Amino acid sequence: MRKSHPVRRAVLAGAATVSGIVLLLSLKPASDPGAGSAAGGAAPPVAAQSPQGGRGAGAGTVTGDAARTQYGPVQVRLTVSGGKITGAEAVQAPKGGQSDQVTADAVPKLNRAAVAAGSADIDAVSGATYTSAGYVKSLQSALDKAAAAAGPAAQESSGADSGSGGGGRGEGDAGQGTQVLTGDAAQTQYGPVQVRVTVSGGRITDVEALQAPKGGRSDQVTANAVPRLNRAAVAAGTADIDAVSGATYTSAGYTQSLQSALDRAGG
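**Concerning the overall build of the protein chain**
So, step 1. When helices and strands are counted, the protein chain shows six helices and six strands.
So, step 2. Counting from the amino terminus, helix and strand elements in the protein chain follow one another as α-β-β-β-α-α-α-β-β-β-α-α.
So, step 3. Buried residues in the protein chain amount to 30% of all 267 residues.
So, step 4. Across the protein chain, every contact between residues at least 6 apart in sequence was considered, and the portion connecting residues at least 24 apart equals 44%.
So, step 5. As displayed, the protein chain has an accessible area near 16300 Å², and 55% of this comes from carbon and sulfur atoms.

This is the structure in structure tokens:
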């Protein structure tokens, strides 16, 4: 009886060892695939996001020429997307002494006005006549550069569309073209006024003053009157516009130069 007892223990221990090995082998395959699928499930979203994150729709940035003013240069940089101004900032503006306060007050207002108007036809900020005039000048040069950069693409597109028209293509292109015409300089008591007009599809789409009275009080009068005259010319589509109060001579010279530019468009 005593000799058989150790044998039983050996048999029972061996059976227990075999059962333990079987249990381990049965559990291991179940855990490995689960861990693999968890890792595999996390990786695809990261891979899917990285190409998209690197290719956002970018906007174009263009910087206008620096405009010299009595208190320092003003230079404007625009962000243009889809043919519209989406952002404006002053890269340079008058600084030092009182100019710091004027710039801090005026530039944000001018930036907002440029985005809202979508053009350089914005009003001067009260108390910042010189800064406003320089801002508008640099803003216009930035817009001119943006238009020039977009021009070739627009012309290519127009040419491709009209190409299907065969022999009528040349006539169609001529009819849809844009003319930029400069009027004669009109002499006034306070200095010359000269206007440049952009005409597209037989309509005035933009006007700017290349020359206007300047120096002393004339600077403030010009900064106030010219943007209004520009807007009035585009709205009327003719030179039949009202004079701006307090700028009688400038208004008369503007109208005279505007009419001479329109006469050339008609010719």
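**Details of the nonpolar core**
So, step 1. By size, the foremost hydrophobic cluster in this structure holds 19 residues, and its most contacted members are Val195, Val197, Val207, Leu229, Tyr254, Leu258 and Leu262.
So, step 2. Mapped by element, the contributors of at least two residues to this core are β5 (194-200), β6 (203-211), α5 (217-236) and α6 (248-266).
So, step 3. Those residues in contact with Val195 that sit more than four places away from it in its chain are Leu181, Thr182, Gly183, Val207, Glu208, Ala209, Tyr254, Ser257, Leu258 and Ala261.
So, step 4. Core analysis: the next-biggest nonpolar cluster, separate from the first, contains 18 residues, Leu78, Ala128, Tyr135 and Ala142 among them.

**Brief notes about the pattern of salt bridges**
So, step 1. Taken as a whole and judged by the stated rule, the model has six salt bridges.
So, step 2. Here Lys145 and Asp65 are joined by a salt bridge, their closest N and O atoms 2.9 Å apart. Highlighted residues: Lys145 in helix α3 (residues 129-163) and Asp65 in the loop between β1 (60-63) and β2 (75-81), separated in sequence by 80 residues.
So, step 3. Since its relative accessible area comes to 44%, Asp65 is described here as partly exposed.

**Details of the pairing of β6**
So, step 1. Two elements, β5 and β6, share seven bridges in a ladder whose sense is antiparallel. Across the sheet, Val199 pairs through a bridge with Ile204, a residue of β6.
So, step 2. Where β5 folds back on β6, the antiparallel hairpin that results is connected by two residues, among which Gly201 adopts a positive phi of roughly 60°.

**A look at the sheet that holds β2**
Sheets are built from strands paired through backbone hydrogen bonds, the pairs being either parallel or antiparallel.
So, step 1. Judged by pairing direction, the sheet is antiparallel, and its three strands sit side by side in the order β1-β2-β3 without closing on themselves. A single partner strand is all that each edge strand has here, and the edge strands are β1 and β3 (84-92). On average, adjacent strands in this sheet sit at an angle of 20° to one another, irrespective of strand direction.
So, step 2. Of the pairings in the sheet, the one linking β2 to β3 comprises seven bridges and is antiparallel in character. When the sheet's bridge partners are listed, Thr79 is paired in β3 with Gly87.

**Thoughts on the environment of Thr198**
So, step 1. Position of Thr198 among the secondary structure elements: in strand β5.
So, step 2. For Thr198, a relative accessible area of 17% translates into the label buried.
So, step 3. In the structure, Thr198 is positioned 64 residues away from Leu262 in sequence and 9.6 Å away in space, judged by C-alpha atoms.
So, step 4. Apart from the residues lying within four places of it in its own chain, the contact partners of Thr198 are Thr178, Gln179, Val180, Arg203, Ile204, Thr205 and Asp206.

**Things to note about the packing of aromatic side chains**
So, step 1. Summed over the entire model, instances satisfying the criterion amount to two aromatic pairs.
So, step 2. Residues Tyr71 and Tyr130 carry aromatic rings whose centres are separated by 5.4 Å and whose planes lie at 70° to one another, so their mutual orientation is edge-to-face. With Tyr71 in the loop between β1 and β2 and Tyr130 in helix α3, the pair connects residues that are 59 residues apart, well separated along the chain.
So, step 3. On the basis of relative accessible area, Tyr71 is assigned to the partly exposed category, the value being 47%.
So, step 4. What makes Tyr130 partly exposed here is its relative accessible area of 24%.

**Brief notes about helix α2 (residues 98-117)**
So, step 1. In this model, α2 (20 residues) spans 28 Å end to end at C-alpha, consistent with the 28 Å of a helix rising 1.5 Å per residue.
So, step 2. By the largest-angle criterion, Ala106 marks the main kink of α2, which is about 25°, and a proline, Pro108, follows within four residues.
So, step 3. Within α2 the residues assigned to the buried category are Ser99, Thr103, Ala106, Val107, Leu110, Asn111 and Ala114.
So, step 4. Taken from the residues just after α2, Gly118 is the one with a positive phi, measuring 70°.

**Notes on the pairing of β2**
So, step 1. Taken together, the four bridges between β1 and β2 define a ladder with antiparallel strand orientation. Note that in β2 the partner of Thr61 across the bridge is Thr79.
So, step 2. The hairpin turn running from β2 into β3, its antiparallel successor, is two residues long, and Gly82 in that turn takes a positive phi close to 65°.

The rules we used
- Residues numbered from 1 in each chain as written.
- Predicted model: local features only at pLDDT ≥ 70, side-chain atom pairs only at ≥ 80, totals over all residues.
- Heavy atoms only, no water.
- Helix = DSSP H or I, 4+ residues; strand = E, 2+ residues; numbered from the N terminus.
- Buried < 20%, exposed > 50% of the residue type's maximum accessible area, 1.4 Å probe, protein only.
- Contact = heavy atoms within 4.5 Å.
- Areas by Shrake-Rupley, 256 points an atom, 1.4 Å probe, with all protein chains shown as cover.
- Core = buried A, V, L, I, M, F, W, Y, C linked by side-chain atoms within 4.5 Å.
- Salt bridge = Lys/Arg side-chain N within 4 Å of Asp/Glu carboxyl O.
- Pairing = 2+ DSSP bridges.
- Axes fitted to C-alpha atoms, helices over the stretch in contact; angles between N-to-C directions.
- Phe/Tyr/Trp six-rings, centres within 6.5 Å; stacked < 30°, edge-to-face > 60°.
- Expected span 1.5 Å × (residues − 1).
- Bend = angle between axes of the 7 residues up to and from the residue.

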